[in-house]
Every structure is written in C-alpha cells, then in structure tokens.
Amino acid sequence: MSNYVISISREFGSGGRIIGKRLAARLGIPCYDRTIIQKTSEKSGLSPDFIARAEERARSRFHLSIAPAGIGTPALAHQGVPVSHQAFFAQSEVIRELADEGPCVIVGRCSDYVLGERPECLKVFVHADLPSRVERCVEEYHIPSDDMARRIVQMDKGRANYYNYYTGHIWGDMRRYDLTLNSAGIGVEGAVELIVALVKARSAFDAQ
C-alpha cells in the first residue's frame, strides 16, 4: 500500500483536523483540508469565495442554479449542471489528482466518497461526545462557550446535509469507514497512534 491515502471525516469539535495534521506530520506526508478550495478554484475558474459560498448553501440545502455575475467563466463546464455542482465536481477531481500524486491525508470534503472505490484509501471517522466537543471548541478553537452546544449541532447538521446531498449516502454511517474512533476516549495522540497502526497493518496485509 505504497500510495495510500487517509481520508478523515469528523464531527465538529472532535479534533479531526488536528488529528489529520499530526498524522500527516508523523507519516511525513502532506495534509490537505481547506487548501483544496484554492486548488479547485485554479482548476475550475470559479473564485474561492464562490466555492466556499456554494458549500455553505449546500449545507443549508439551498442550491444555486445559475452562477452570480462576476465569478468568471468556469473552465469545467458541465452542460445543464448548476455551477455550485460544478464546484463539487472540480473539487472531486482535485482530490483524485492529489491522491494520484502520492500518500497524503485529506480532511473532509467528502473525500471518503470520492476515493471510496480505491483499495489504497483508508477511511476514518472521528467523533466524540458533545461535552468533550464543547470543551475542545472553547479551549482549542477559542470559540465563546455561549450556546456552543447548539452551534456544534448546527455544524454537524450542515456537514450531514452537504455529504448526504452530494453522495447519496448517510454521513457518519460507520459501515462506510475502515475505522471510527472516539477522540474523547483516546485523545489526539492516541487517535494518531491508532491510525498509524491501521496503516501499518494494512501495509503488512497487502504485502502477504
């Protein structure tokens, strides 16, 4: 499994992004998260702001059917396909290209779905109980604690809407992942160790 890719999906506040970055550093491979938006912009001709807005609208189940003025002509033109969908298609193509380049960690962006048919893709879902996520958001993300639990639930609902809409699958369905882990139970470093162990185990299995 020399060209392995690790896809990390996560609940908001579970530490999935931090886990992804530390995992990549531990393995000596790149980690891609929101940087994919810029790469998608370069590929599609859509502005980064538009791509980000399209994601937000998808999270609220509202989808643009036409491109607003001023974003330029997209290089990736799908006949009859809303521009917001073109952004998703372009992002998926970028994710596949990054996976082709070599081992990497990709955080979110439906990468488990986009790369799901590849045997070299390890799909991880990180979750945690709500009190732990509230505490992490306050301490690590410096987000005010006022009504934090409600904000976390809203963020998760948005991620689920986005994922379910574009993939046709259910966000967080454990059967779609190689590993689901509770970061509240083992911490960030414990999660990194567990995923590294999975990478080594899969590599050893493939070498047999």
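For the structure itself, consult the block above.
Described in the following lines is the structure provided in the data block. (Residues numbered from 1 in each chain as written. Predicted model: local features only at pLDDT ≥ 70, side-chain atom pairs only at ≥ 80, totals over all residues. Heavy atoms only, no water.)

Following the criterion strictly, the structure yields zero disulfides and no others. Here Cys31 is not disulfide-linked; the sulfur of Cys104 is the nearest cysteine sulfur, at 8.7 Å. (Disulfide = S-S within 2.5 Å.)

We now examine the environment of Arg96. When you line up the elements, Arg96 lands in helix H4 (residues 83-101). Arg96 has contacts with Val114, Leu115 and Arg118, leaving out every residue within four places of it along the chain. (Helix = DSSP H or I, 4+ residues; strand = E, 2+ residues; numbered from the N terminus. Contact = heavy atoms within 4.5 Å.)

Next up on the list: the packing of aromatic side chains. The final tally for this structure, using the stated rule, is seven aromatic pairs. Between the aromatic rings of Phe125 and Tyr177, the centroid separation amounts to 5.2 Å while the plane-to-plane angle is 50°, which identifies the pairing as tilted. Note that Phe125 is positioned in strand E4 (residues 121-127) and Tyr177 in the loop between helix H7 (148-167) and strand E5 (179-182), a separation of 52 residues in sequence. For the pair Phe125 and Tyr177, a shared accessibility class is recorded, and that class is buried. The interplanar angle of 65° and the centroid separation of 5.0 Å between the aromatic rings of Tyr162 and Tyr166 together place this pair among those described as edge-to-face. Note that Tyr162 and Tyr166 are positioned in helix H7 at a spacing of four residues, about one turn of the helix. In terms of burial, Tyr162 and Tyr166 fall into one category: buried. Ring-pair connections join several aromatic residues into one group, and the members of that group are Phe88, Phe89, Tyr162, Tyr165 and Tyr166. (Phe/Tyr/Trp six-rings, centres within 6.5 Å; stacked < 30°, edge-to-face > 60°. Buried < 20%, exposed > 50% of the residue type's maximum accessible area, 1.4 Å probe, protein only.)

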